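Commentary on secondary and tertiary structure
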Amino acid sequence: MTEHPFHAPRWLLPAELAGFSVDAPRRRRTVRDWLADTVLFLVALSFMVVNSEDTPYYAGAVPGWFHTVDPFVTLAACLALWWRRRLPLAVAGFVFVIYMIGDSASGAALVAVLTVAVHRGWLVSVPVALAFLVPSLWFSFSHPPPTVPWQAMAVIVFLMFVVPLVWGMAVRSRRQVVVGLRRAAEWAARDHEHRLADTRRAERARIAREMHDTLAHRISLISVHAGALAYRTAQADAGAGRPLDAADVGAAIDVIHGNARRALVELGDVLAVLRTGDEEPEPSDAGPPQPRIADIGRLVTDAEAVGQRVAVTVECAPTDTLRAAVQRTVYRTVQEGLTNARKHAPGAKVEVRVTGAPGEGVVATVSNPLAPGSVSAIPGAGVGLAGLAERVALDGGTLEHGAERGCFRLVTRLPWPA
């Protein structure tokens, strides 16, 4: 269990605060509780000792056996106070019955009223206090002491039960405030932890999308080149084509090596972030520069290097006022379209068109003819378009994709404020 930063030692707190619950049905007493119970027991017992020294002024108004049993029942009422925390109402009822018999139990009655006010709400504690107060006022009116005016006696009796009632209600209210503040602090801490966990999950999902977008592109380039080498080698062995010379093999190996190296670097960047676990990233970890619309030309060059036919048109106003996140989404749209075309329509010509201006938005379109009956040799996870759709939604745009008139079209529309 998480320890709370108390300003006082735990043993000096009441059980309600040490156990972090005002209304817990049962709890162990703390050292402070034992001291308080002992003091209240001795205070209740002192009323019996003081009353036993003198004959009360109302001795003739009550049966004689009242005085005989008074010390014994008062002692029983005082002993019952040790169970007041666990059974406050039962103890108060027991003390009330004894209080109706012997006046020496007035000390135990005060403690009982205080206990009910501390451990129960005012809807319960006020009727209990009135149950003790009304008979006491009636007796003071009907049998006033000879040396004290009945008005003064009524005030004394009234305060005798109202003071512990108000005191107990104040103690309960303060404890509830303290517990409420501590619960609110715990809930705030848990909410902060949940928000941190959600942020980390969102960041890892973003990293997973980046991994798919970058690695899928690089690995598809490697797969196409390796497949071309294998195909031309098989054709040469079968006598259906010319053998590969050193220049052909070297060029293919250079492309494969370059893309493999870039894929490893990008994978290393992603794994470096994932290995941090639950630690917060350092502010200095800015990461590699994010791709922009100006980088689309390099992306097309890499695709053409593996034999992919691409026609690209970029008709955008200067992108100085276009957010970097939107430019990255446009770049990822083109990258995803080229990757999917290599996978599902190898050899087909791909048309890339990016247009936009401030106030009109930016539109990125990638289209390629469908290849009926062709089966991709490159496996895919099928999450590229889903991740791209999430990117576009976060940037406030729309994504459309599907077959139309024998072509597969991928269209992204994103805002570009004026």
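Within each chain, residue numbers correspond to sequence positions counted from 1 in written order. Restriction of local features to residues with pLDDT of at least 70 applies here, the model being predicted, together with a cutoff of 80 or more for giving and counting side-chain atom pairs; totals for whole chains, interfaces and linings are based on all residues. Side-chain figures throughout are based on the complete set of non-hydrogen atoms in the structure, without hydrogens or water.

Quick note on the threshold: UniProt positions are given in the numbering used here, feature names are shortened, and annotations may be inferred rather than shown by experiment.
In the annotation of an unreviewed UniProt entry, the entry for the protein reads histidine kinase, and the organism field reads Asanoa siamensis. UniProt, in the comment section headed Catalytic activity (unreviewed entry), describes the protein in these words: "ATP + protein L-histidine = ADP + protein N-phospho-L-histidine."

1. Thoughts on the overall build of the protein
Spelled out, the test is: By the criteria applied, helices consist of DSSP H or I runs no shorter than four residues and strands consist of E runs no shorter than two, each listed in order from the N terminus. Burial classification: accessible surface area is computed with a 1.4 Å probe over protein chains only, and a residue below 20% of its type maximum counts as buried, one above 50% as exposed, and the rest as partly exposed. By definition, residues are in contact when any of their heavy atoms lie within 4.5 Å. Only the protein chains shown count as cover for residues, with accessible areas throughout obtained via the Shrake-Rupley method and a probe of 1.4 Å.
A count of helices and strands for the protein gives eleven helices and five strands. Relative to its 418 residues, the protein shows a buried fraction of 36%. Nonlocal contacts in the protein, meaning residues at least 24 apart in sequence, comprise 72% of its contacts between residues at least 6 apart. Split by element, the accessible area of the protein, about 23700 Å² in all, is 64% carbon and sulfur.

2. So, a nonpolar patch on the surface
In plain terms, the rule: Patch criteria: residues need more than 30% relative accessible area and no salt bridge. Like-charged residues are merged within 9 Å; nonpolar side chains of Val, Leu, Ile, Met, Phe, Trp and Tyr are merged within 5 Å. Here, a salt bridge means any Lys or Arg side-chain nitrogen found within 4 Å of an Asp or Glu carboxyl oxygen.
Side chains of L89, W122, L123, V124 and M169 sit close together on the surface and give an oily, nonpolar patch of about 480 Å² of accessible area. If one sorts the elements of the nonpolar patch by residue count, helix α6 (residues 122-142) sits on top with three residues. Along the polypeptide, V124 turns up in helix α6.

3. As for the packing of helix α9 (residues 296-305) against helix α10 (residues 324-344)
The geometry of a pair of packed helices is captured by two quantities: the angle between their axes and the separation between those axes. Quick reminder of the rule: Between N-to-C directions, angles span 0 to 180 degrees; the directions come from axes that are lines fitted to C-alpha atoms, helices contributing only their stretch in contact. Here the word oblique covers every angle except those under 35 degrees (roughly parallel), over 145 (roughly antiparallel) and from 65 to 115 (roughly perpendicular).
Contact geometry of α9 with α10 gives a least axis separation of 10 Å together with a crossing angle of 10 degrees. Comparing their axes, α10 and α9 come out roughly parallel. Across the interface between the two elements, I296, R298, L299 and A303 of α9 pack against V330, Y331, V334, Q335, L338 and R342 of α10.

4. A few points about the environment of A263
Along the chain, the position of A263 falls in helix α8 (residues 246-274). Here A263 falls in the buried class, since its relative accessible area comes to 10%.

5. With respect to the environment of F132
Along the chain, F132 turns up in helix α6. Residue classification places F132 among the buried positions, given a relative accessible area of 1%. Once the C-alpha coordinates of F132 and F96 are considered, the two residues, 36 residues apart in sequence, prove to be 6.9 Å apart. F132 has contacts with A92, V95, F96, Y99, A109, V113 and F161, leaving out every residue within four places of it along the chain.

6. Some points on the nonpolar core
Operational definition: Each nonpolar core is a collection of buried residues, namely Ala, Val, Leu, Ile, Met, Phe, Trp, Tyr and Cys, held together in the definition by side-chain atoms within 4.5 Å.
Counting 33 residues, the largest nonpolar core has V95, F132 and F161 as its most contacted members. Mapped onto this core, the elements with two or more residues apiece are α2 (31-53), α3 (64-80), α4 (88-99), α5 (106-119), α6 and α7 (150-237). The dominant element in this core, judged by the number of residues it contributes, is α5, at ten residues. Judged by nonpolar contacts, the second largest core, of 24 residues, contains V300, V350, V354 and L388.

7. Focus on the pattern of salt bridges
Per the stated rule, a full pass over the model turns up eight salt bridges. A salt bridge links R85 to D37; the shortest N-O distance between them is 3.1 Å. Of this pair, R85 sits in the loop between α3 and α4 while D37 is found in helix α2, placing the two residues 48 residues apart along the sequence. Take R85: its relative accessible area is 13%, and that puts it in the buried class. With a shortest N-O distance of 3.1 Å, D191 and R195 are connected by a salt bridge.

8. Focus: the packing of aromatic side chains
We apply this condition: Classification of ring pairs uses Phe, Tyr and Trp, with its six-membered ring standing for Trp, and accepts pairs whose centres are within 6.5 Å; under 30 degrees between planes counts as stacked, over 60 as edge-to-face, and the remaining range as tilted.
Under the definition given, this model contains six aromatic pairs. Taking the centre distance of 5.5 Å and the plane angle of 40 degrees together, the rings of F41 and W82 count as tilted. Here F41 is found in helix α2, whereas its partner W82 is found in the loop between α3 and α4, with 41 residues between them in sequence. When the ring of F132 is compared with that of F161, the centres are 6.0 Å apart and the planes differ by 20 degrees; the resulting orientation is stacked. Remark: F161 occurs in helix α7 and F132 occurs in helix α6; sequence separation between them is 29 residues. The pair formed by F132 and F161 is uniform in burial state, with each residue classed as buried. Taken together, the ring pairs connect F96, Y99, F132 and F161 into an aromatic cluster.

9. Here we look at the sheet that holds strand β3 (residues 361-369)
Worth spelling out the cut-off: Paired strands are those between which DSSP finds at least two bridges.
The five strands are arranged β1-β2-β3-β5-β4 in an open sheet whose pairing can be described as mixed. Two strands close off the open sheet at either side, each with one partner strand: β1 (310-316) and β4 (398-404). Put simply, the sheet's adjacent strands are angled 10 degrees from each other on average, direction ignored. In terms of strand pairing, strand β2 (residues 350-357) meets β3 through seven bridges, oriented antiparallel. Bridge pairing links E351 to S367 in β3. Contacts from α9 reach β1 and β2, with the element oriented near 175 degrees to β1.

10. Section: α9
Just so we agree on the cut-off: This arc corresponds to the set of directions leading from the helix axis out to the C-beta atoms.
Regarding α9, the residues found buried are I296, L299, V300, D302 and A303. The arc that holds every buried residue of α9, seen down its axis, measures 155 degrees, which confines them to one face. Just downstream of α9, G307 is the residue with a positive phi angle, here 95 degrees.

11. What about α6?
The line we're drawing: By definition here, a helix of n residues has an expected span of 1.5 Å times n minus one.
End to end, α6 covers 29 Å across 21 residues, agreeing with the expected 30 Å (1.5 Å per residue, within 8%). Within the sequence span of α6, burial applies to S125, V128, A129, F132, L133, S136 and S140.

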